[in-house]
Amino acid sequence: MVEQVKADFLEANLSAARSGERTVADIGLLLEGTYPYIRGGVSSWVHQIISGLPDIRFAVVFIGGESGMYGPAQYQFPPNVTHVETHYLLQGQTNSKPGARRGNARAFEKMEALHAYLRREGEMPGEQLERAFTGLGSPEGISEEDFLYSKASWEYITHQYRRRCTEPSFINYFWAVRAMHAPLFVLARIARELPPVRAIHSISTGYAGFLGAIIQLRRKIPFILTEHGIYTKERKIDLAQATWIRDHNDDVCNTLHDEMGYIRGLWIRFYEQIGRMAYAHASPIVSLYEGNRLRQISDGAEAEKTLVIPNGISVQRYCVALEKRVNEIPPVLGLIGRVVPIKDIKTFIRTLRILANERPDVQGWIVGPEDEDPSYVNECKELVASLGLQNSVKFLGFQNVLEILPQLGLLVLTSISEALPLVILEGFASGVPCLATDVGSCRELIEGRGEEDRGLGAAGSVVFIADPEGTAKAARQLLDNPERWRAAQRAGLERVKRYYDDKLMFSSYRNLYQQALDRDSEGFAELSGAT
Amino acid sequence: MAGIGFEIRKILERDSYWSVLRAYGYAGVVSGGPWALSILSIMMIGILAVMLGVAQREVNAFQICVTYLMAASLIWSGGMQLMFTRFVADRAYAGEQAEVLPNLFGALIITMGGGFALFAPPIFWLFDGPFFQQLLLLTNFVVLSGLWIALIFLSGMKAYRRIVWTLAKGYTIGIIVALAASAWALNGLLLGVLAGHGYLLFSFLHHIVREYPGNSLLKLDFLDRKRSFYSLFAVGTLYYLAVWVDKFIFWFVPHTSEPVIGPLRASIIYDLPIFLAYLFILPGMAVFLVSMEADFAEQHERFYKAIREGDTLMHIEYRRDRMVYAARQGIYEIFKVQGITVALCLLWGRDLLHAIGISPLYIHLFYIDVVAVSVQVLLMAILNVLFYLDARREVLLITACFFITNLLFTFATLQLGAETFGYGFAASVSLSAFLGLFILSRKFNRLEYETFMLQG
Amino acid sequence: MPGLVMLWGLVAEVLAGVLLWLSEGAGEEAWAGAPGVFGAIILHTLSSYFFAQGFWRILPPRYKLPTSRSLGFLFSVIWILPVLGVLGILWSVTAALKRPRNRSLKDVQTIALPELPFSPPFIFPTPPYSEGALRQIVHFAERPLKRLKAVMATRSIPAVAAMPIWSKATRDPVDDVRLLAYAMKDDNEKSLTDRILVLAEALPGGGPHMQTVYHKTIAALCWELLYHRLVQGALRQHWIQMARRHMEASLRVSSTEPDTAEIEDPDAWLLYGRILLESQELDKAKAAFGNARAGGIDEQKILPWLAEIAFEQGCYGQVKHYLSMLSRTCEKGKELALVKEWWNK
């Protein structure tokens, strides 16, 4: 069957070549803050997809915050990456000095209509509004200089402030509006200057998804959206907490209220809206597991466009690790993942504190890169010191998981948010049961999804987030009870072999891409026929 | 830098005629003091010296020398005055008070040392008097240049009584030393002026040094491109050039002037009325200090505070209106008080000239000069408001206009004949003031837009 | 030393003056006096150098460096302003630098009356929620959004009251609620542990007095963590131990005999007593409270804890005794009020 697909592909490529279209790649991957600069679940997944589909040419478009936030590329590009570009949203592209200008008042009027549409939930803007929207950053629409310096822009912002803003501080409103919209001009430029590709694939909503929507509108090429986490949700949590936004009410009100400041709400609505834009123009919209698919639908994705493609791993690859295992259960808890707040490493450390009281031989290893959030890494190390765990908790840094997994007795994941963590599958394939918080698809992975899957048994335990007591208890139940442990190991092995082999994932994506590229050539044929 | 304005306004708040008189008296001395007191004291030295038997020729030479020294030192230090004022204000705003002192010494050494190096060759080359006289001229110039720099701290000081007292002492010393040394004729008189100005320079410096303790003796940070504004340097230089260019033209055009000493020439018909007229800007200057440096400065501060501290747009606009009102009120008050002064001069000018023994031939020139210098006070007030709004380009445009029109119009009056003398300067300053008003009103209209959208 | 150098300067300047005087009288021709003038300039230069050296030595130390720049400045001023420069530097630089004006007067700022806010802030006529209601909503509300809002509303209540709500919400079936509750809880804990760490790092560097203060503050912060119920279970034990250790270091007592030390800081003893009570060291706690009392803490403040100790020890008669002495009016409905009422029945 694979051979057949491959042949189809070559055929498609050939037809594209025949039609004379010059593209730098088949699929343009839009990546926000991940591959190839940041290691992590999403990045390894991207790398896996690119490597797993060697006959498709990929363009990698990275969108980051500021260039200082990223080090060198963390991955070696496979040969089928034929084009790479890197952009930074927070670095204004215009070096132009501020100068007074009138600005295109008509374009701002159109913008008002677009904003009005966006405010009404559910409805999607019509064709001419979309044009106002794609005119962003171009001379006929609103150019970046117009947005930043023009009198028309000033009139528009003050008008909106007078009409809507309930926040008293004008300067806060003004800068929020600026900060919010400045990246859109960078995106518009990326969309304008990206060399031709045949389809685009964004690996999140947010700015990357929005960029996908702009490209889709401008070029009428297929736009695939895959979401690992739910971007909008994560942003909302950040924003609800963010201390850089000051709520006026907090200063003057001491009663209990759930009112959010206008600006906080503005930011949240902004991310909701750009997410909705991405959903409106993407097809299909892929999620990793059922929970997230439902979430996408409730966030505005059309149900018939959504589908689930779970992650997979190369099970064979981990046979080595399985064979290396010794017979007894090593008293080692391993947390494999980046040392960042979302993984809640601290709860892992606290769990170890409790375990150390009861079973002093238990070790905790934290395996993962420590370069993303150095201050958090420090906090964790200091917590280890202050809890007196220097002897039982080790930070091993980035390691080859094939070496580490055989030495673990339990894989622990204390994350407060996850999608479908590959590391659990890797653990299963290497014969390590897993202890994970009840987030994302962790429960599905450990306890099974359908009736049949659940029949395989539990491959570990699911615990509450931020619950060291419960986690320690669950860990001891598995470590102290070899029978239960072995049952969990068996269930994990069987589950990963049956449902999460990467061959399944590759063939799903191969099909998706195939359909998209077919649609593209049809679209191209239509276009060339029309002219 | 508006410390003194606030202090003086406090006297006004006591609300009696005596306090009003006192407040404006102080304000007049502080703001117009160095200008007017110099003119007065030099006239006085001249009159007293003649009474003591110094030859009229020597006294004339002395007065011309001092006038040239004033003009040259003002033009030379004008740029630095403005640039350094801004530097000090920025440092004060940034809370880096300790930076002020070393940079003040830096500004002084550059102005004084540079002035010395630049003016020593022409003085020694062009004057054929004794070495001592040349040295006196040069030293006088250097001290004056330094004094103008030190005086920019005046409006920032709060101790107005001490300032007035120091000014009085300085000019008294100048007069006494000049008269005591009048036996040496010109040299003695120059020595007196030097002593007076030297006392003022070092006395103000003494106060400043004690007021702003620093962390080192000498720094040249104010020359740093990132921290200072060379456009302000150009504005300062252009402004003083504009103020003096008509006088220089009259001094060096043969049929309006005569040689006095060395290369220096004077224009009897032009000089006396204009210097006399400058005495009549004191009321306007006093109002300027109280209304601009206090009322407007306060409203300006509140406006930017409203922006910084996150007020509503409506409140920001309200504050803008208040600020515009304060500026308008200030300009209007100057207009009023200078208007009355002009009217009084028109009424009693003839008697005045007669009383001090100046030929009534000068009367028309005197009238037009009083009008011109009154408008000059207005222009100064407008420029000051624009400085507060940080409209550096606009100010440069206005001063350039002032300079060029004064140059052109003055030449034009030379062609048109003696009855038009003085009208060139008056027309130039009025035109610039109108231009300033126009720019100011435009600036005010788009103030929030420019403040928010065009910063950085 | 500076005096001698200045004397040399003075001599050179006088000589320069004399030379200039002589050359002035030398003749009427233009260049007759030139050698004299030249000599005078050299002497003046020499004099300026000596004076600059002399003045530099009497400058306050911080104005001396960098040497070449300070010296250069003094020299230039003295050189370009003959005689006058020396007097000026003497009066307005060296003398004035030594007597900076009192800054305390300058620090007084006159501030104009602040204006009223332009638009009134929104004030809720009745509070939308109460603490108890929030707990109920988090427990029982059907709609996730409602639970989310309840968690959001905890922003304006103290951590100690919000903690039970957060704990419940981190077990919520909906991701958003969990995450928000987690983030809020984590923020609170983090801000406290951060401060503890900063102090713990500063500890070894401080003098003995500062160390005592640091120990006390660390103990108080640990106590806050406990009091706000931000830590639980085995971790709670850990933080109690830590608080105790630092408190003891602060009070300079070994944990075996708390009552030998002098009572300098009764507040610290009070906190120490509470920490001991929390770690169930009842006798020591009682002694620590005794010390706090002896140090001058109001007995009314201590009574409830003494009652608690008595209760733990099973001396119920004493409990009644202590609580009957308690004259403090307690807020109605609060725990202490209820307990007092029950025992005094």
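All values derive from a computational prediction rather than experimental measurement.

To continue, consider the overall build of chain B. Across its full length, chain B holds 15 helices and two strands. The C-alpha atoms of chain B give 22 Å as radius of gyration, which agrees with the globular expectation for 456 residues (23 Å, within 12%). Along the first, second and third principal axes, the C-alpha set of chain B runs to 70 × 50 × 45 Å. Within chain B, buried positions represent 53% of all 456 residues. Counted over contacts in chain B with a minimum sequence separation of 6, partners at least 24 positions apart contribute 77%.

A few words on the overall build of chain A. Summing up its helical and strand segments, chain A has 22 helices and 13 strands in all. Counting the 531 residues in chain A, one finds 47% classified as buried. Contacts in chain A between residues far apart in sequence, at least 24 positions, make up 74% of those at least 6 positions apart.

What follows is about the interface of chain C and chain B. Each side of the interface is counted separately: chain C has 27 residues, and chain B has 28 residues. For the side of chain C that touches chain B, the secondary structure elements donating two or more residues are helix H1 (2-26), helix H3 (67-80) and helix H4 (84-98) of chain C. Broken down by element, the side of chain C that touches chain B gets its largest block of residues, seven residues, from H4 of chain C. Classifying every residue of the side of chain C that touches chain B by side-chain character gives 16 nonpolar, six polar and five charged.

Next up on the list: helix H21 (residues 482-499) of chain A. Residue and element names in this part refer to chain A. Compared with an ideal rise of 1.5 Å per residue, which puts 18 residues at 26 Å, H21 spans 26 Å between its outermost C-alpha atoms and is within 8% of the ideal. If you check which residues of H21 are buried, you get Ala488, Gln489, Ala491, Gly492, Leu493, Arg495 and Val496. If you follow the buried residues of H21, they end up packed against helix H17 (422-429), strand S12 (434-437), helix H19 (451-454), strand S13 (460-463) and helix H20 (468-479).

Residue and element names in this part refer to chain A. Spatial ordering of the open sheet is given by S3-S2-S1-S4-S5-S6-S7, a layout of seven strands whose pairing is parallel. One side of each edge strand has no neighbouring strand; the edge strands of this open sheet are strand S3 (81-88) and strand S7 (306-308). Between one strand axis and the next, the sheet turns by 20° as a mean value, whatever way the strands run. Two elements, strand S1 (residues 25-32) and strand S2 (residues 58-64), share six bridges in a ladder whose sense is parallel.

As a further point, take the nonpolar core. Counting residues in hydrophobic clusters, the biggest one holds 388 residues, and the most contacted among them are Leu31 and Leu211 of chain A together with Val151 and Cys222 of chain C. Excluding residues within four positions of it along the chain, Val151 of chain C makes contact with Val138, Ile165, Ala169, Val177, Leu180, Ala181 and Met184 of chain C.

Okay, the confidence of the model for chain B next. Residues and elements named next belong to chain B. Of the residues in chain B, 97% have a pLDDT of 70 or more, and the chain-wide mean is 87. Element-level pLDDT for chain B is lowest in helix H1 (residues 3-12), with a mean of 70, against a maximum mean of 94 in helix H14 (residues 423-445). Listed scores for the predicted complex are pTM 0.73 and ipTM 0.86.

The omega torsion across Tyr35 of chain A and Pro36 of chain A is -5°, close enough to zero to call that bond cis. Position of Pro36 of chain A relative to the elements: it lies in the loop between S1 and helix H2 (41-52). In this model, Asp390 of chain B sits at a positive phi of 60°, which is unusual for a non-glycine residue. Structurally, Asp390 of chain B is set in the loop between helix H12 (363-388) and helix H13 (392-416). Looking at Asp390 of chain B, the number of C-beta atoms within 10 Å reads 14, which means it is partly exposed. Unlike most non-glycine residues, Gln280 of chain C shows phi in positive territory, near 65°. On the secondary structure map, Gln280 of chain C appears in the loop between helix H12 (266-278) and helix H13 (282-294).

The next subject is the packing of helix H7 (residues 144-153) of chain C against helix H9 (residues 175-202) of chain C. A packed helix pair is summarised by two numbers, namely the angle formed by the two axes and the spacing between the axes. All names here are of chain C. Where H7 contacts H9, the two axes come as close as 9 Å, and the packing angle between them is 5°. Taken together, the axis directions place H7 and H9 in an arrangement best described as roughly parallel. Across from Pro144, Arg147, Leu148, Val151 and Met152 in H7, the residues of H9 making contact are Asp176, Val177, Leu180, Ala181 and Met184. Of the residues in the contact of H7 with H9, the class split is eight nonpolar, no polar and two charged.

This part takes up helix H15 (residues 316-325) of chain C. All names here are of chain C. Of all the residues in H15, the buried ones are Val319, Tyr322 and Leu323. For H15, the buried positions fall inside an angular range of 95° around the axis, keeping them on one side. Elements in contact with the buried residues of H15: helix H14 (299-313) and helix H16 (335-343).

What follows is about the sheet that holds strand S10 (residues 393-397) of chain A. Note: strands within a sheet are paired through backbone hydrogen bonds, in either parallel or antiparallel orientation. Residue and element names in this part refer to chain A. With parallel pairing, the six strands of this open sheet are ordered in space as S10-S9-S8-S11-S12-S13. Where the open sheet ends on each side, the last strands, each with one partner, are S10 and S13. The sheet shows a mean angle of 20° between the axes of neighbouring strands, direction not considered. With three bridges connecting them, strand S11 (residues 410-413) and S12 associate as parallel partners.

This next bit is on the packing of helix H3 (residues 56-93) of chain B against helix H7 (residues 186-211) of chain B. Residues and elements named next belong to chain B. Interhelical geometry of H3 versus H7 gives an angle of 35° and a closest axis separation of 9 Å. For the pair H3 and H7, the crossing hand works out as right-handed. Across from Glu58, Ala61, Phe62, Cys65 and Val66 in H3, the residues of H7 making contact are Leu186, Leu189, Leu190 and Val193.

For the rest of this paragraph, the subject is the environment of Phe73 of chain C. Relative to the helices and strands, Phe73 of chain C is located in helix H3. With 24 C-beta atoms packed within 10 Å, Phe73 of chain C lands in the buried category. Each C-alpha atom, one on Phe73 of chain C and one on Trp56 of chain C, is 9.9 Å from the other, the two residues being 17 residues apart in sequence. Beyond its immediate stretch of four places on either side in the chain, Phe73 of chain C contacts Phe105, Ile109, Leu217 and Leu218 of chain B.

Let us look at the pairing of S10 of chain A. Residue and element names in this part refer to chain A. Strand direction decides the pairing type here: strand S9 (residues 363-367) and S10, joined by four bridges, are parallel. The partner of Gly364 across the bridge, within S10, is Val393. The parallel pair S9 and S10, bridged by helix H15 (residues 374-386), forms a crossover whose chirality is right-handed.

As a further point, take the environment of Gln133 of chain B. Inspection of the secondary structure assignment puts Gln133 of chain B in helix H5 (residues 131-151). Discounting residues that sit within four places of it in the chain, Gln133 of chain B has contacts with Phe127, Leu186 and Asn187 of chain B.

Bringing the confidence of the model for chain A into the picture now. In regions of low pLDDT, the predicted coordinates are not meant to be interpreted in detail. For chain A, the average pLDDT comes to 82, and 86% of its residues sit at 70 or higher. Overall, residues 1-20 of chain A carries pLDDT values under 50, and its contacts beyond four positions in sequence, including any with other chains, amount to 17 contacts.

What counts as what
Residues numbered from 1 in each chain as written. Chains lettered and ligands numbered in written order. Predicted model: local features only at pLDDT ≥ 70, side-chain atom pairs only at ≥ 80, totals over all residues. Helix = DSSP H or I, 4+ residues; strand = E, 2+ residues; numbered from the N terminus. Rg over C-alpha atoms; globule rule 2.2 N^0.38 Å. Buried ≥ 20, exposed ≤ 12 C-beta atoms within 10 Å, placed from the backbone. Contact = placed C-beta atoms within 7 Å. Nonpolar A, V, L, I, M, F, W, Y, C, P; charged D, E, K, R; others polar. Expected span 1.5 Å × (residues − 1). Pairing = 2+ DSSP bridges. Axes fitted to C-alpha atoms, helices over the stretch in contact; angles between N-to-C directions. Core = buried A, V, L, I, M, F, W, Y, C linked by C-beta atoms within 7 Å. pLDDT = per-residue confidence, 0-100. Parallel < 35°, antiparallel > 145°, perpendicular 65-115°, else oblique. Arc of directions from axis to C-beta. Left-handed = near helix turned anticlockwise from the far one by under 90°. Right-handed = clockwise from strand over helix to strand, strands pointing away.

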